[in-house]
Structure formats: C-alpha cells, structure tokens
Amino acid sequence: MTKSTHYAKAGEVERKWVLIDADGATLGRLATKAAMILRGKNKPQYTPNADTGDFVVIINAAKVQLTGNKAAEKTYWRHSGFLGGIKFESFAEAMEKHPERVIEHAVKGMLPKGTLGRKQATKLKVYAGAEHPHTAQNPQKIDLEA
C-alpha cells in the first residue's frame, strides 16, 4: 500500500501569531526568518502552492542594523513612470522617515512574486517601536539566534 502525499488546503491551516524583536538584529537575517515563517516553511504541512504560513509581528524596527559599510552605501529607489521620475533614498534616510518600510521591503523581496506572495505579505505587521496592537492575539516570541 502506498501512502499519498498530503497537501494543505486553504481552510484547514491553523495560523499562529509570532513576535520578533528587531532590536540589534541584522536586517537580512531577520528578513529570512520572517519570510520563512510567512511562507510556512517551518511547518510539516508546508505546501508550495498554498498559504500555510503564520502571522508575523516585528517590533523595534527602528533599531535594525546592517553589517559592514552597507548602512552608508545601500540605496532604495522608486520610479514614478515619468521621464526623470526616479527617486533615490539612502538607508539612513529611509530609517529616519519610515523604518517599517525598510523591513517590509526586505521581507517582500524574499517572498514569491505573484498572487500567493502578495497574500503572504499581508500577514506581516511591522512597528517602529516596542508597542503593537496585536496583544489580544497572544503572539509567541521567537528568538532570532536559534
């Protein structure tokens, strides 16, 4: 008798809430851990074409760090679609204005491109300070070093 592979379906996935403290964390390592949890790759019922991931709450986004000279050299850019409409912003400027978007940008770059990746990205909640409005969901704190 052969056993068939189990594929997770949308309604039968049990979602948890995970809390990650970004205080002193490296941006890339934090983003890979968050992307893995959002996709559900840390669960045994992971299915590549289904959203099996958990909700991720990241606090203290303003205290995230980069290694080496990247803090001085890294730039973010966007284009309006018009001629000459490109805008550049350094990592330091982005952290001053909107530190949440820096982490969101890093995590979204590690998710699949398409409808599934966009759906998984909606489960990411990033906050600059230590306060977050998701205490009612009782998020489980995750240690990044482990």
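Bear in mind the structure is a predicted one, so any value in this text is a computation, not a measurement.

**Considering the pattern of salt bridges**
A full pass over the atoms with the stated rule returns 4 salt bridges. The shortest N-O distance in the salt bridge between aspartate 54 and lysine 43 comes to 2.7 Å. A residue pair is termed long-range when its members are at least 10 positions apart, and aspartate 54 in the loop between helix H1 (27-39) and strand S2 (55-59) and lysine 43 in the loop between H1 and S2 qualify at 11 residues. The exposure classification of aspartate 54 matches that of lysine 43, with both residues buried. Close ionic contact of glutamate 89 with lysine 97 constitutes a salt bridge, the shortest N to O distance being 3.4 Å.

**What to know about the pairing of strand S1 (residues 17-21)**
Most of S1 sits inside the fold, with 4 of its 5 residues counted as buried. Pairing geometry for S1 and S2, over 5 bridges, is parallel. Within S2, the position partnered with isoleucine 20 by the bridge is isoleucine 58. On the question of chirality, the crossover connecting S1 to the parallel S2 by way of H1 is right-handed.

**Considerations on the confidence of the model for the protein chain**
Put simply, the protein chain has an average pLDDT of 94, and 99% of its residues get 70 or more. For the protein chain, the element scoring lowest by mean pLDDT is helix H2 (residues 70-73), at 92; strand S5 (residues 124-126) scores highest, at 98.

**Regarding the pairing of S2**
For a regular strand, side-chain orientation follows a simple rule: the groups alternate between the two sheet faces. The buried fraction of S2 is high, at 4 of 5 residues. As paired elements, S2 and S5 share 3 bridges and run parallel to each other. Its bridge partner lying in S5, valine 56 is registered against leucine 124.

**A short note on unusual backbone geometry**
If you check the backbone angles, asparagine 60 has positive phi at about 60 degrees while not being a glycine. Mapping asparagine 60 onto the fold places it in the loop between S2 and H2. Of note, the phi angle at asparagine 138 is positive, near 50 degrees, even though the residue is not glycine. Along the chain, asparagine 138 turns up in the loop between S5 and strand S6 (140-142).

**Quick word on the packing of H1 against helix H4 (residues 99-108)**
Across the interface, H1 lies against H4 with an axial gap of 8 Å and an inter-helix angle of 60 degrees. By the angle class used here, H1 and H4 are oblique. In this structure, H1 crosses over H4, and the sense of that crossing is right-handed. Taking contact as the criterion, the partners of Leu27, Leu30, Ala31, Ala34, Ala35 and Leu38 in H1 are, on H4, Val102, Ile103, Ala106 and Val107. Of the residues belonging to the contact of H1 with H4, the class tally is 10 nonpolar, no polar and no charged.

**Comments concerning the environment of glutamine 140**
Relative to the assigned elements, glutamine 140 resides in strand S6. Its relative accessible area of 47% is what places glutamine 140 among the partly exposed residues. The spacing of glutamine 140 and serine 80 is 60 residues in sequence and 39 Å in space, taken between C-alpha atoms. If we skip the residues at most four places from it in the chain, glutamine 140 touches Trp17, Val18 and Leu19.

The rules behind each value
- Residues numbered from 1 in each chain as written.
- Predicted model: local features only at pLDDT ≥ 70, side-chain atom pairs only at ≥ 80, totals over all residues.
- Heavy atoms only, no water.
- Salt bridge = Lys/Arg side-chain N within 4 Å of Asp/Glu carboxyl O.
- Helix = DSSP H or I, 4+ residues; strand = E, 2+ residues; numbered from the N terminus.
- Buried < 20%, exposed > 50% of the residue type's maximum accessible area, 1.4 Å probe, protein only.
- Pairing = 2+ DSSP bridges.
- Right-handed = clockwise from strand over helix to strand, strands pointing away.
- pLDDT = per-residue confidence, 0-100.
- Axes fitted to C-alpha atoms, helices over the stretch in contact; angles between N-to-C directions.
- Parallel < 35°, antiparallel > 145°, perpendicular 65-115°, else oblique.
- Left-handed = near helix turned anticlockwise from the far one by under 90°.
- Contact = heavy atoms within 4.5 Å.
- Nonpolar A, V, L, I, M, F, W, Y, C, P; charged D, E, K, R; others polar.

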